[in-house]
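Coordinate inspection notes
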Amino acid sequence: MKKGNVLLVLLILAGLVAVAWVIGIFGRSGKYDDPKKWNASYRHTDAMPFGMELFDSVMATSLPNGYRYGKMPVDEACRADSTGRVSLAYIYSSAYFSDEEEKQLLAFAARGNNLLLVANNYPEDTYDEESNTSLAKSLGFSSIRFGDFDFSEFKDSLQDAAKDSITWTHGDGQVFHMTPQLLSAGLVNKDIRNQKMATVEAIFEDMDDYSSGKISVPVLLQRNYGKGKIVIATNTLLFTNYGVLHPEISAYVGRVMALVADKPMVRFSDTYSMRQGEMDGQSPSPLSFLLKNKPTRWALFMALAAIVLFFIFRARRRQRVIPVMPLPENKSVEFARVLGTIYYRRGDHRDLLNKKYLHFAYEVRRRLFVDVTDPAADQHTVAALANVSGIPASDLQMQLRVIREALKPSDRQLDKEQLQQYIDFMNKVLSSLVVRRE
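Residues numbered from 1 in each chain as written. Predicted model: local features only at pLDDT ≥ 70, side-chain atom pairs only at ≥ 80, totals over all residues. Heavy atoms only, no water.

Moving on, we come to the packing of helix H13 (residues 332–346) against helix H14 (residues 349–368). Between two packed helices, the angle of one axis relative to the other and the distance separating the axes together describe the packing. Between H13 and H14, whose axes approach to 8 Å, the crossing angle comes to 140 degrees. As the angle between them shows, H13 and H14 are arranged oblique. Residue-level contacts link Tyr 343, Tyr 344 and Arg 346 of H13 to His 349, Asp 351, Leu 352 and Lys 355 of H14. Grouping the amino acids of the contact of H13 with H14 by side-chain chemistry returns three nonpolar, one polar and three charged. (Axes fitted to C-alpha atoms, helices over the stretch in contact; angles between N-to-C directions. Helix = DSSP H or I, 4+ residues; strand = E, 2+ residues; numbered from the N terminus. Parallel < 35°, antiparallel > 145°, perpendicular 65-115°, else oblique. Contact = heavy atoms within 4.5 Å. Nonpolar A, V, L, I, M, F, W, Y, C, P; charged D, E, K, R; others polar.)

Here's what the structure looks like:
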């Protein structure tokens, strides 16, 4: 074999090794593609199923008064109301605060702001050894754990269609079903001033005496504090990318966020939480190990330089004309037209109206966090729609009442003129919502 060919083979091998390292380090295939390694992460840029990138994006486009994220310590976060009243959100696995930080958070709420705390663990003793109090003691509650997230059990629950439920005890009593493994903590209310907003029924197992049973405990507490409001929640896995993509979980999360959505919201994560995240199992990456040692660092640099040189010289020797590829044809509109034609020719106009109404209700709930399918909340729903869309409240209430009557089962067939009228009304409301938001 010629000397040049040997060098080329060595360069190719070095390049393949470097590419394998780069893919393994930056591709994050172990974290994203292997569900067994899914872990809760509360970083703003994490797109894994239990990360927060999509959650923050959805909240930023859905909450009516605005939403933003900031990495800041507690004292800086508590100064967010310097230009006006705000809602402060803290979402993390554990709510660890020093005595001084606790006082700042309580003073922040007492000034007339909203405070949302979502955690699975609310320690009754803070990590500050000189402190003799805690946020949980100050507000009169404590947290209990049902168990840690386990993917194998989560997978079995999905296959067996096992479901636990969260009941919204305040108001309409709405029940939200979800996989049991996502429900990992509850609350014990010790103060009558704490209002129970939602409860969960879950299986509790005591590993010490091997006893088990079903308990019903609150998972959401609300309390007026000073001039403001404090909302305490558990089960942080619900408040992640996975949660906002799940139909029933997203509806529950929407209700929780709506409790404090009357003011601009700021979600913050402090530096202590970041350090705790590194201690909770996030081991150093292979890249940090390679760069830490001088021999491996130079080996990595040489491998990368070799593959760059190979690509440069190989590209100069084998330049080819890149053909112009036609743009792929968009079949989405044609597909939607075919489906619509099939439903229309079937002649069941009431069923077609029902599908349109469900889509209309979903879009309104996603944009305004109101439920048009609940007649008991019509006064609040109509007021919110009229305020955002600009359509008179009397017209909205009358049209919603007429549509609900048309959806009721009847021997009388719904004619196409009425169907077209109802659909035009719902399209008008949705288009006005989009225009007002823009």
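On we go from here.
Attention shifts here to the nonpolar core. Ranked by size, the top nonpolar core spans 71 residues in total, and within it Phe 55, Leu 220 and Tyr 252 carry the most contacts. Here Leu 220 is in contact with Trp 168, Leu 187, Gln 195, Lys 196, Met 197, Ala 198, Val 231, Ile 232, Ala 233, Tyr 252, Val 256 and Leu 259, once residues within four sequence places are set aside. Within the second largest apolar cluster, 28 residues are counted, among which are Val 370, Val 372, Leu 396 and Tyr 422. (Core = buried A, V, L, I, M, F, W, Y, C linked by side-chain atoms within 4.5 Å. Buried < 20%, exposed > 50% of the residue type's maximum accessible area, 1.4 Å probe, protein only.)

Now for the pairing of strand E3 (residues 114–118). Buried residues dominate E3, accounting for five of its five residues. By the bridge criterion, five bridges tie strand E2 (residues 87–91) to E3 in an arrangement that is parallel. Opposite Tyr 90, over in E3, you have Leu 117 as the bridge partner. Examined bridge by bridge, E3 and strand E10 (residues 228–233) share five bridges and lie parallel to one another. Paired with Asn 114 across the two strands is Lys 229, which belongs to E10. (Pairing = 2+ DSSP bridges.)

The predicted model of the protein averages 79 in pLDDT, with 77% of residues at 70 or higher. In the predicted structure, residues 25–32 sits below a pLDDT of 50 and forms 17 contacts with residues beyond four places in sequence or in another chain. (pLDDT = per-residue confidence, 0-100.)

Looking now at a nonpolar patch on the surface. On the surface, Leu 291, Trp 298, Phe 301, Met 302 and Leu 304 cluster together to form a nonpolar patch covering roughly 500 Å² of accessible area. Broken down by element, the residue count for the nonpolar patch peaks at four residues, all from helix H12 (residues 294–317). Structurally, Phe 301 can be placed in helix H12. (Patch = residues over 30% accessible without salt bridge, like charges linked within 9 Å, V, L, I, M, F, W, Y side chains within 5 Å. Areas by Shrake-Rupley, 256 points an atom, 1.4 Å probe, with all protein chains shown as cover. Salt bridge = Lys/Arg side-chain N within 4 Å of Asp/Glu carboxyl O.)

Here the focus is the pattern of salt bridges. Applying the stated criterion to the full structure yields 17 salt bridges. Across the pair Lys 103 and Asp 99 runs a salt bridge, and its minimum N-O distance is 3.8 Å. Residue Lys 103 and its partner Asp 99 are located together in helix H5 (residues 99–110), separated by four residues, close to a single helical turn. Residue classification places Lys 103 among the partly exposed residues on the basis of a relative accessible area of 49%. One salt bridge connects Glu 329 with Lys 331, and the closest N-O pair in it is separated by 3.4 Å. By relative accessible area, which is 60% here, Glu 329 ends up exposed. What you see here is one network of salt bridges that share partners, running through Asp 81, Arg 85 and Arg 111.

Another point: the pairing of strand E11 (residues 265–269). Counting buried residues in E11 gives five out of five residues, a clear majority hidden from the surface. Residues Met 265, Arg 267 and Ser 269 of E11 are buried on one face, and the alternating residues Val 266 and Phe 268, pointing to the opposite face, are buried as well. Inspection of the sheet shows strand E1 (residues 67–71) paired to E11 by five bridges, in the parallel sense. Residue Lys 71 lies in a different strand from E11, and its bridge partner there is Ser 269.

The next subject is the side chain of Lys 229. Counting through the fold element by element, Lys 229 comes out in strand E10. No salt bridge is formed by the buried Lys 229; its nearest oppositely charged neighbour, Asp 262, is found at 5.1 Å. A polar contact of 2.7 Å, which involves the side chain of Lys 229, links it to the backbone oxygen of Leu 259. Apart from the residues lying within four places of it in its own chain, the contact partners of Lys 229 are Ala 109, Asn 113, Asn 114, Leu 115, Gln 222, Arg 223, Asn 224 and Leu 259. (Lys, Arg positive; Asp, Glu negative; His and termini not counted. Polar contact = N/O pair within 3.5 Å; in protein donor to acceptor, adjacent residues only side chain to side chain.)

With that settled, consider the environment of Gln 397. Mapped onto the elements of the fold, Gln 397 is located in helix H16 (residues 393–407). Assessed through its relative accessible area of 32%, Gln 397 is described here as partly exposed. Sequence separation of Gln 397 and Asp 378 is 19 residues, and the distance between their C-alpha atoms is 7.4 Å.

Note on placement: Asp 56 falls in helix H3 (residues 53–62). Look past the residues within four positions of Asp 56 in its chain and what remains in contact with it is His 44, Tyr 67, Tyr 69 and Arg 267.

Bringing H14 into the picture now. One full turn of an α-helix is made of 3.6 residues, so residues set three or four places apart face in the same direction. When the terminal C-alpha atoms of H14 are compared, their 28 Å separation across 20 residues agrees well with the 28 Å that a helix rising 1.5 Å per residue should span. Within the span of H14, buried status applies to His 349, Arg 350, Leu 352, Leu 353, Lys 356, Tyr 357, Phe 360, Ala 361, Glu 363, Val 364, Arg 367 and Leu 368. Backbone geometry just after H14 places Phe 369 at a positive phi near 60 degrees. (Expected span 1.5 Å × (residues − 1).)

Here H13 is 15 residues long and its end C-alpha atoms lie 22 Å apart, about the 21 Å a rise of 1.5 Å per residue gives. Once H13 ends, the next one or two residues include Gly 347, with phi positive near 85 degrees.

Before going further, it helps to spend a moment on unusual backbone geometry. Across the chain, the bulk of peptide bonds are trans and the bulk of non-glycine residues have phi less than zero. Residues other than glycine seldom take positive phi values, yet Asn 235 does so here, at roughly 65 degrees. Mapping Asn 235 onto the fold places it in the loop between E10 and helix H8 (241–245). The buried category is assigned to Asn 235, whose relative accessible area is 1%. For Phe 369, which is not glycine, the phi torsion reads 60 degrees and is therefore positive. Along the chain, Phe 369 falls in the loop between H14 and helix H15 (378–389).

This paragraph deals with the packing of H14 against H16. Across the interface, H14 lies against H16 with an axial gap of 10 Å and an inter-helix angle of 135 degrees. One element, H14, and the other, H16, form an angle in the oblique class. Crossing of H14 against H16: the hand is left-handed. Contacts between H14 and H16 pair Arg 350, Leu 353, Asn 354, Tyr 357 and Phe 360 from the former with Leu 400, Ile 403, Arg 404, Ala 406 and Leu 407 from the latter. Grouping the amino acids of the contact of H14 with H16 by side-chain chemistry returns seven nonpolar, one polar and two charged. (Left-handed = near helix turned anticlockwise from the far one by under 90°.)

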